[in-house]
Amino acid sequence: SSGINAEYGLIYPTSPRFLLVRGKESEAKSVLKSLSGVFGKEIDLDKVKLVYTTRVLNYWEQLKDFKSHPTMLKETLVCMLTWFVCASLFYGFSFGWSKLSSNLYISYLFSALGNFIAFSLTVPVCNLMGRKRAMLFFLICGIVSNCLAMPDLKLSDTWSLEYVACLIGNLSISGAFGTIYIYTCELAPTTHRGMVMSFSSSSARIGSFLGTYTSLLYDITDRRVPLAVFAGATLISAVGVFFFLSDTTGRRIPETPRDVELLAGKNKYQEVEEGGKDEKV
């Protein structure tokens, strides 16, 4: 993982916005020029002055923005819930294979293969179906797989319906985990993206702890209990995504909480310049 991250650091350039905020305009222009060449539309920025509106990063003020911008608060809470559920199931599966099969090595081999396939398919599926539909697709597959794992049905001496369904569920929840990374970044405004991602990641950490303990229920109760818990949690998350999150496919990324509200169709946040002052209309 650290090796892959190091490669990303060498391949991907530094954010032009990051450089501009720190007064490195020439470096920001260099990055923008190289990126324009990648897309086949190289531009000359030597005579262009880059302008960045300075924003005061006050964490308390950022927190208060959630109260005054209900759509951003709602979407952040749903994202936190979805991260929590995805992490719970992801680590619940990861630490529960010993309960499903006598051959632990084969179980983890198939699990790793499922993760590889899921993460490889995340971006193509998002581009094909859209962010929201892709998220719902993976979550619904997770719900169905947990339900399919409940009946006692032996497919062979070494394979059972529960084992196969859990492998499919592992692939599905891995895809959902990959999708929610993209989805959350596109829902959160630039000014609050770091905070929203921190909240979501913290929720995932809590979910990862609880998911591993939920898998221990296999030892003390009926095996259908943890499956029902996982299916129920995934259903709640899917309902939240369906009703409360908007699709970001092909939509511009919001830069401020006001942009989030405007993209949600709340025109009362529209501001117009009048007499040198911004007013709400």
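Relevant structure appears above.
All figures in this text were calculated on a predicted structure; none of them were measured in a lab.

With that out of the way, let us pick up the nonpolar core. Judged by nonpolar contacts, the single largest core of 34 residues is most densely connected at Met135, Phe177 and Val241. With nine residues, the top contributor of residues to this core is helix α5 (residues 70-94). When neighbours within four sequence positions are excluded, Met135 is seen to be in contact with Thr82, Cys86, Ala176, Thr179, Ile180, Tyr183 and Val241. Membership of the second largest hydrophobic core comes to six residues, among which are Met72, Ala188, Met195 and Val260.

Another aspect to go through is the packing of helix α8 (residues 161-187) against helix α9 (residues 193-215). Running from N to C, α8 and α9 cross one another at 155 degrees; their axes reach a closest spacing of 10 Å. As judged from the angle between their axes, α8 and α9 are roughly antiparallel. In the crossing of α8 with α9, the sense of the turn from one axis to the other is right-handed. Residues Phe177, Tyr181, Thr184 and Cys185 of α8 form the contact with α9, whose own contacting residues are Arg193, Val196, Met197, Ser200 and Ala204. Here the residues of the contact of α8 with α9 sort into six nonpolar, two polar and one charged.

The next point concerns the pattern of salt bridges. The final tally for this structure, using the stated rule, is eight salt bridges. In this structure, Asp222 engages Arg224 in a salt bridge whose closest nitrogen and oxygen atoms are separated by 3.2 Å. In this structure Arg224 comes out as partly exposed when scored by relative accessible area, which is 30%. Here the residues in one salt-bridge network are Asp152, Asp222, Arg223 and Arg224, joined through shared partners.

Taken together, the side chains of Ile106, Leu109, Phe110, Leu113, Phe116, Ile117 and Leu121 present a nonpolar region at the surface, about 640 Å² in accessible area. Residue placement: Phe116 occurs in helix α6 (residues 104-129). For Phe116, a relative accessible area of 60% corresponds to the exposed category.

Attention shifts here to the packing of aromatic side chains. A ring pair, where both rings are aromatic, is described by two values, the distance of the centres and the angle of the planes. Counting across every chain of the model gives eight aromatic pairs. Between Trp83 and Tyr181, the aromatic rings sit 4.5 Å apart at their centres with planes inclined by 55 degrees, giving tilted as the arrangement. Residue Trp83 is found in helix α5, and its partner Tyr181 is found in helix α8; the two are separated by 98 residues along the sequence. The class for Tyr181 is partly exposed, based on a relative accessible area of 42%. A centroid spacing of 5.2 Å and a plane angle of 75 degrees characterise the contact between Phe90 and Tyr91, whose relative ring orientation is edge-to-face. Overall, Tyr91 belongs to the partly exposed group, its relative accessible area being 30%. Here a set of aromatic residues connected by ring pairs shows up, and it is made of Trp83, Phe90, Tyr91, Phe177 and Tyr181. Cation over ring: Lys132 sits above Phe242, and NZ or CZ is 5.7 Å from the ring centre.

Each value, and the rule that gives it
- Residues numbered from 1 in each chain as written.
- Predicted model: local features only at pLDDT ≥ 70, side-chain atom pairs only at ≥ 80, totals over all residues.
- Heavy atoms only, no water.
- Core = buried A, V, L, I, M, F, W, Y, C linked by side-chain atoms within 4.5 Å.
- Buried < 20%, exposed > 50% of the residue type's maximum accessible area, 1.4 Å probe, protein only.
- Helix = DSSP H or I, 4+ residues; strand = E, 2+ residues; numbered from the N terminus.
- Contact = heavy atoms within 4.5 Å.
- Axes fitted to C-alpha atoms, helices over the stretch in contact; angles between N-to-C directions.
- Parallel < 35°, antiparallel > 145°, perpendicular 65-115°, else oblique.
- Left-handed = near helix turned anticlockwise from the far one by under 90°.
- Nonpolar A, V, L, I, M, F, W, Y, C, P; charged D, E, K, R; others polar.
- Salt bridge = Lys/Arg side-chain N within 4 Å of Asp/Glu carboxyl O.
- Patch = residues over 30% accessible without salt bridge, like charges linked within 9 Å, V, L, I, M, F, W, Y side chains within 5 Å.
- Areas by Shrake-Rupley, 256 points an atom, 1.4 Å probe, with all protein chains shown as cover.
- Phe/Tyr/Trp six-rings, centres within 6.5 Å; stacked < 30°, edge-to-face > 60°.
- Lys NZ or Arg CZ within 6 Å of the ring centre and 35° of its normal.

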